[in-house]
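So you can see what is in the structure, the chains are spelled out below.
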Amino acid sequence: MTSRERILAAMARQDVDYVPCCIYFNPLSPTLRRGYTWNFPWPPEATPEEMVRYQVEVLGLDQVLSVAVSVTRPAPGCSARVWLEGDVLHKSFTTPVGELHAAVRYNDLWPHGLDIPFYSDFNVGHYVEPWLQGEADLECLKQLQMARPLDEIVAEARPAFAATKALADRYGLAVAGNAGMGLTGAQHLFGAAPLCLLVMDKPALVDAYLEHEHQLNLLTIEALGQLGADIVRRNGFYETADFYSPALLERMLRDRLNAEAEAARRCGMMTAYTLHSGVMPMLDYLADLTVESIFGIDIAFPGMDLRRLRDALAEGKSFWIGPCSTHHLWGGPEPTRAAVRTVFEVFGRTGLILSPGVSAHSIMPSAPRLTMPAFS
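First, a word on scope: everything that follows refers to the structure included in this document.

Cut-offs applied
- Residues numbered from 1 in each chain as written.
- Predicted model: local features only at pLDDT ≥ 70, side-chain atom pairs only at ≥ 80, totals over all residues.
- Heavy atoms only, no water.
- Pairing = 2+ DSSP bridges.
- Helix = DSSP H or I, 4+ residues; strand = E, 2+ residues; numbered from the N terminus.
- Patch = residues over 30% accessible without salt bridge, like charges linked within 9 Å, V, L, I, M, F, W, Y side chains within 5 Å.
- Areas by Shrake-Rupley, 256 points an atom, 1.4 Å probe, with all protein chains shown as cover.
- Salt bridge = Lys/Arg side-chain N within 4 Å of Asp/Glu carboxyl O.
- Buried < 20%, exposed > 50% of the residue type's maximum accessible area, 1.4 Å probe, protein only.
- Axes fitted to C-alpha atoms, helices over the stretch in contact; angles between N-to-C directions.
- Parallel < 35°, antiparallel > 145°, perpendicular 65-115°, else oblique.
- Left-handed = near helix turned anticlockwise from the far one by under 90°.
- Contact = heavy atoms within 4.5 Å.
- Nonpolar A, V, L, I, M, F, W, Y, C, P; charged D, E, K, R; others polar.
- Lys, Arg positive; Asp, Glu negative; His and termini not counted.
- Polar contact = N/O pair within 3.5 Å; in protein donor to acceptor, adjacent residues only side chain to side chain.

Sheet topology places strand 4 (residues 79–85) next to strand 5 (residues 88–95); 7 bridges connect them, and they run antiparallel. Looking at the pairing, W83 lines up with H90 of strand 5.

What follows deals with a nonpolar patch on the surface. On the surface, V82, L84, Y106 and L114 cluster together into a nonpolar patch covering about 340 Å² of accessible area. Relative to the helices and strands, V82 is located in strand 4. A relative accessible area of 37% means that V82 is categorised as partly exposed.

Read across the open sheet, the 4 strands follow the order 4-5-6-7; overall the sheet is antiparallel. The two strands at the open ends of the sheet, each matched to only one other strand, are strand 4 and strand 7 (127–129). Neighbour-to-neighbour, the strand axes of the sheet open up by a mean angle of 20 degrees, direction not taken into account. The sheet contact formed by strand 5 and strand 6 (residues 98–105) spans 8 bridges and is antiparallel. Each residue of the ladder has a partner; that of T95, found in strand 6, is G98.

The next thing to look at is the sheet that holds strand 11 (residues 270–274). If you walk across this open sheet you meet the 7 strands as 2-9-10-11-12-13-14, and the pairing is parallel. Whereas interior strands pair on both sides, the edge strands pair on one side only; in this sheet they are strand 2 (64–67) and strand 14 (352–354). Across the sheet, the axes of successive neighbouring strands diverge by a mean angle of 25 degrees, strand direction being ignored. As paired strands, strand 13 (residues 318–321) and strand 14 are joined by 3 bridges and run parallel to one another. From the neighbouring strand, W320 faces strand 14, where its bridge partner is I353.

Turning our eyes to something else, we now look at the pairing of strand 6. Counted along the chain from strand 5 to the antiparallel partner strand 6, the turn is 2 residues long. Of the pairings in the sheet, the one linking strand 6 to strand 7 comprises 2 bridges and is antiparallel in character. Bridge pairing in strand 7 links V104 to Y127.

Tallying each qualifying case throughout the model produces 21 salt bridges. Measuring nitrogen to oxygen at the nearest pair gives 2.8 Å for the salt bridge that ties R148 to E152. Taking relative accessible area as the criterion, E152 reaches 29% and is therefore assigned partly exposed. Here R337 and E334 are joined by a salt bridge, their closest N and O atoms 2.6 Å apart. Here the residue R337 and the residue E334 both occupy positions in helix 13 (residues 333–347), the gap between them amounting to 3 residues, near one helical turn.

Let us now look at the packing of helix 7 (residues 183–190) against helix 8 (residues 192–201). Between helix 7 and helix 8, the least distance of the axes is 7 Å, while the angle of their chain directions is 115 degrees. The angle between helix 7 and helix 8 places the two elements in the roughly perpendicular class. Handedness of the helix 7/helix 8 crossing: right-handed. Together, L183, A186, Q187 and F190 of helix 7 and A192, P194, L195 and L198 of helix 8 make up the contact between the two elements. For the contact of helix 7 with helix 8, the class distribution of residues is 7 nonpolar, 1 polar and no charged.

Moving on, we come to unusual backbone geometry. Cis geometry marks the peptide bond from G357 to V358, where omega comes out at 10 degrees. Position of V358 relative to the elements: it lies in the loop between strand 14 and strand 15 (360–361). Phi is positive for R13, close to 60 degrees, though the residue is something other than glycine. Residue placement: R13 occurs in the loop between helix 1 (3–11) and strand 1 (25–26). Of the residues examined, R13 reaches a relative accessible area of 26% and is grouped as partly exposed. Its identity as a non-glycine residue notwithstanding, L28 has a phi of 65 degrees, on the positive side. Mapped onto the elements of the fold, L28 is located in the loop between strand 1 and helix 2 (30–33). Look at L28 and you get buried, because its relative accessible area is 16%.

The subject of this paragraph is the side chain of E213. Relative to the assigned elements, E213 resides in helix 9 (residues 203–227). Of the side chains with opposite charge, R234 lies nearest to the buried E213, which makes no salt bridge, at 4.1 Å. A polar contact is formed between the side chain of E213 and the backbone nitrogen of G182, at a distance of 2.9 Å. In this view, E213 contacts G180, M181, G182 and R234; residues no more than four positions away in its chain are not counted.

Laid out in structure tokens, this is it:
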């Protein structure tokens, strides 16, 4: 089997010649690497082609290449400005319906320079004022995220997709595109604690944001399908019972997630849904989702019961699962090997893609101890 065939068969819980191993290598930004040693066997300046060649030919991995499409544009008349007031960084957008503003603490830990993106985990810990607080803010955001025509989206994305697809075909790899963040993206925009309160105090506001994003996700999925992607990935990292009740998740997300999964299938693609921690209370809800696979569950998280997870979900879903990034990979080879043995013991060889939850970091001290062959 090619790597592409192996990955897609494993996602569908079909027989494979051997269990695929796919690793997301997260280089981290220079800010996040400050004070640490770069431990990947390739240099930080390596090209995507060089990294893929090493990962596939030297390490023997079944890598999946990523593509992106941009489905929005700002309405006419929108503008932005950024400024510093002491140690607080501000960014403001002027839109036809009002001003949208955010502010963050600007310090050595802020990785985005003189900018405040909409979607970043680092927003949450730095917010002085989040992007979204009320209905007027959401209306401004919609002005900045106006849907573009599908043919325009596909035409713009096609050259970059063709280059990625050519690299994937050279090594027989699958291609995946991202579509949707849901409550993960909402947390980036509203802030973590405010969002947990808003789903109770102003659920209509959160639901309106999720519906806005859902429509953009459906457009993204259709564009990825026209381009020829194999897999659609949704980042549900924070869409878990760490923050919300299973009933709330079901009410706000289930129908949208299932509609997006069905849209992907109509376009000939499969779905991978990223989750990490807090999944045990929501197993019944997850069983009702029609996504084909779940990616990134933390097998070392307190309260995790892998056999219950398997029994609840394995009949209809496959797993991208393996050693925990923070617990096992940082611990070195022996904890990592023990975690791999546990995964095989629990999940067997059907519907399994061995993959760390959720990534291997460039600063992890285990990398040189794994005695990877030298990069050349």
